[in-house]
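Residue-level structural notes
Spelled out from the first residue to the last, the chains are:
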Amino acid sequence: MWLRCLRNTISRVKNFEEGSSKIHVSSCLLIPNPCLFLVKVRSISSSSPSVSAISSLSNADLVITLLESYGFTKPFISKIITKYPPILSSDPHKTLIPNIDFFISKGLSGLELAKFIYSNPNLLKRNLQNHIIPPFNVLKNILKSDKNVITTLKRQSREFLNNKLSIEKMMFNIELLRNQGVPQSNITKFLISQPRALTIITSKFKEIVEEIKDTGFDPYKTTYLLAIQVINGLSKSNRESRMDVYRRLGWSEEQIHNAFRYHPLCMLTSEKKITSVMDYLVNQMGYSSSYIAQYPIIMCYSLEKRIIPRCSVYKILTSKGLVKKKNCPKFTFADV
């Protein structure tokens, strides 16, 4: 059945340019869904006449062989080709080899390299000197090591390596944070963990910074940048809906305000999870809503994997008289 489908698929391949270029059978065998692959190729060819979807039988096989020589497994090669068919028309010596070797020199190899390329296969078509090395060096100047840059690119390679404007926006936003007194060490950590937040439009970023200043966040503390993450990630209506949940569960306006200042990420927790955590701690463990408001970080913990197991241990200890029964001890909420 599979072979018949494959033959039928290959027989329907049309020439993409005036020549007689076709996809070779060995290339198609790597594709889990040849029909979908061909649709993508035709779409790219028709929308971008300057792009030669598949240059030749020998070039496609050469690209596949080259990727295998770098340790890419057939499943990953299959995924990369399906996601980005023009890779089969890449010049192995002009772009593929230099680009792959560059990322290998920065510490990537084997499966890790394959995953990195799969996340943004367009990297293998980009000019190394003009589009990859310059933004890489800009990031390294801030992050100080290849390892930190690679970690950041794993989260946001499309923005930094495919879009020059993203680098420019990042530089403006970082300078704004420096002017506010945010330590460089905090900026570095934030760029590594939340690169997307630093590539938003500068005008919007300024508005977020002003809102945070009005709320009373200290720029020297990491909560300042966490607040940026939250405000950027949630619309005002969604933030207000989270606050409504806390209000319904008994928190005062002051407690909500303080919770956001102490641990901003408590606002990113879903309404369903907030309700579940409060229900367990109040109704099953007997803690007051006001007491829980002192530990907003608990809203970010897993109810099943962390909160319930630790509270269960506490119950056993109190039942055996090993600890006095009182409000939940620090070990239950502690970050250990």
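Residues numbered from 1 in each chain as written. Predicted model: local features only at pLDDT ≥ 70, side-chain atom pairs only at ≥ 80, totals over all residues. Heavy atoms only, no water.

**Digging into the overall build of the chain**
Within the chain, the secondary structure is distributed over 19 helices and 0 strands. Classification of the 336 residues of the chain by burial places 45% in the buried group. For the chain, the exposed surface amounts to about 17,400 Å²; the carbon and sulfur share of it is 54%. (Helix = DSSP H or I, 4+ residues; strand = E, 2+ residues; numbered from the N terminus. Buried < 20%, exposed > 50% of the residue type's maximum accessible area, 1.4 Å probe, protein only. Areas by Shrake-Rupley, 256 points an atom, 1.4 Å probe, with all protein chains shown as cover.)

**What about the layout of surface pockets?**
Remark: the empty space left among the atoms is shown by a probe the size of a water molecule rolled over them. Taken as a whole, the largest pocket encloses approximately 200 Å³ of empty space. Looking at the largest pocket, the residues that line it are Glu 211, Thr 215, Ile 231, Lys 236, Arg 239, Glu 240, Met 243, Glu 253, Ile 256, His 257, Phe 260 and Met 267. Sorting the residues of the lining of the largest pocket by element identifies α12 (202–215), α14 (236–248) and α15 (253–262) as the ones contributing at least two each. The residue inventory of the lining of the largest pocket, partitioned by class, reads 5 nonpolar, 2 polar and 5 charged. (1 Å grid on protein atoms, 1.4 Å probe; cavity = no way out; pocket = protein on both sides within 12 Å on 5 of 7 lines; lining within 4 Å. Points joined across faces, edges and corners; volume = space filled by probe spheres on them. Nonpolar A, V, L, I, M, F, W, Y, C, P; charged D, E, K, R; others polar.)

**Digging into the packing of helix α10 (residues 164–179) against α12**
Two elements in contact, α10 and α12, have axes separated by 10 Å at closest approach and are oriented at 20°. Comparing their axes, α12 and α10 come out roughly parallel. Between α10 and α12 the crossing geometry is right-handed. Judged by residue contacts, Lys 169, Phe 172, Asn 173, Leu 176 and Leu 177 of α10 engage Thr 202, Phe 205, Lys 206 and Val 209 from α12. Looking at the contact of α10 with α12 residue by residue, the classes come out as 5 nonpolar, 2 polar and 2 charged. (Axes fitted to C-alpha atoms, helices over the stretch in contact; angles between N-to-C directions. Parallel < 35°, antiparallel > 145°, perpendicular 65-115°, else oblique. Left-handed = near helix turned anticlockwise from the far one by under 90°. Contact = heavy atoms within 4.5 Å.)

**Examining the packing of helix α11 (residues 184–193) against helix α13 (residues 222–233)**
The interhelical angle for the contact between α11 and α13, taken along N-to-C directions, is 35°, at an axis separation of 10 Å. Where α11 crosses over α13, the handedness of that crossing is right-handed. The segment α11 lies against α13, with Asn 186, Ile 187 and Phe 190 engaging Thr 222, Leu 225, Ile 228 and Gln 229. In the contact of α11 with α13, the residues fall into 4 nonpolar, 3 polar and no charged.

**A few points about α11**
Every α-helical turn comprises 3.6 residues, leaving residues that sit three or four positions apart pointing alike. By the burial criterion, the buried members of α11 are Asn 186, Ile 187, Thr 188, Phe 190, Leu 191 and Ile 192. Along its buried surface, α11 packs onto α8 (128–143), α9 (146–162), α10 and α13.

**As for the confidence of the model for the chain**
Overall, the predicted model of the chain reaches an average pLDDT of 82, with 79% of residues at or above 70. Predicted confidence is poor over residues 1–56, with pLDDT under 50, and the contacts of this stretch with residues over four places away or in other chains come to 79 contacts. (pLDDT = per-residue confidence, 0-100.)

**Thoughts on the environment of Lys 204**
In this structure, Lys 204 sits in helix α12. Sequence-wise, Lys 204 and Asn 173 are 31 residues apart; in three dimensions their C-alpha atoms are separated by 10.0 Å.

**Side note on the packing of aromatic side chains**
For the coordinates displayed, the defined rule picks out 8 aromatic pairs. Relative to Tyr 118, the ring of Phe 76 has its centre 6.2 Å away and its plane inclined at 80°; by these criteria the two rings are edge-to-face. Pair noted here: Phe 76 is in helix α5 (residues 74–83) and Tyr 118 is in helix α7 (residues 110–119), with a separation of 42 residues, a long-range link. Exposure remark for Phe 76: the relative accessible area of 13% places this residue in the buried category. Residue classification places Tyr 118 among the partly exposed positions, given a relative accessible area of 29%. Here the aromatic rings of Phe 102 and Phe 103 are separated by 5.3 Å at their centres, their planes lie at 75°, and the arrangement is edge-to-face. The exposure class of Phe 102 is buried, given its relative accessible area of 12%. For Phe 103, a relative accessible area of 0% puts it in the buried group. Put simply, the rings of Phe 102, Phe 103, Phe 116 and Phe 136 touch in pairs and so form one group of aromatic residues. Across the ring face of Phe 76, the terminal group of Lys 79 is positioned such that the distance to the ring centre comes to 5.2 Å. Above the face of the Tyr 118 ring, Lys 83 is positioned so that its terminal group lies 4.4 Å from the ring centre. (Phe/Tyr/Trp six-rings, centres within 6.5 Å; stacked < 30°, edge-to-face > 60°. Lys NZ or Arg CZ within 6 Å of the ring centre and 35° of its normal.)

**Regarding the pattern of salt bridges**
Applying the stated criterion across every chain, the model contains 10 salt bridges. Between Glu 175 and Arg 178 there is a salt bridge whose closest N-O contact spans 3.5 Å. Placement of both Glu 175 and Arg 178 in helix α10 is noted, with a separation of 3 residues, approximately one turn of the helix. A relative accessible area of 38% places Glu 175 in the partly exposed class. Taken together, the salt bridges that share partners define one network made up of Glu 240, Asp 244, Arg 247 and Glu 253. (Salt bridge = Lys/Arg side-chain N within 4 Å of Asp/Glu carboxyl O.)

**A look at the side chain of Asn 173**
Considering the arrangement of structural elements, one finds Asn 173 in helix α10. Polar contacts involving the side chain of Asn 173 include one to the main-chain carbonyl oxygen of Leu 198, which spans 3.0 Å. Setting aside its immediate chain neighbours within four residues, Asn 173 contacts Leu 198, Thr 199, Ile 200, Thr 202 and Phe 205. (Polar contact = N/O pair within 3.5 Å; in protein donor to acceptor, adjacent residues only side chain to side chain.)

**Concerning the environment of Glu 240**
By the element assignment, Glu 240 lies in helix α14. Distance from Glu 240 to Met 267, taken between C-alpha atoms, is 9.4 Å for residues 27 residues apart in sequence. A polar contact is formed between the side chain of Glu 240 and the side chain of Arg 247, at a distance of 3.0 Å.

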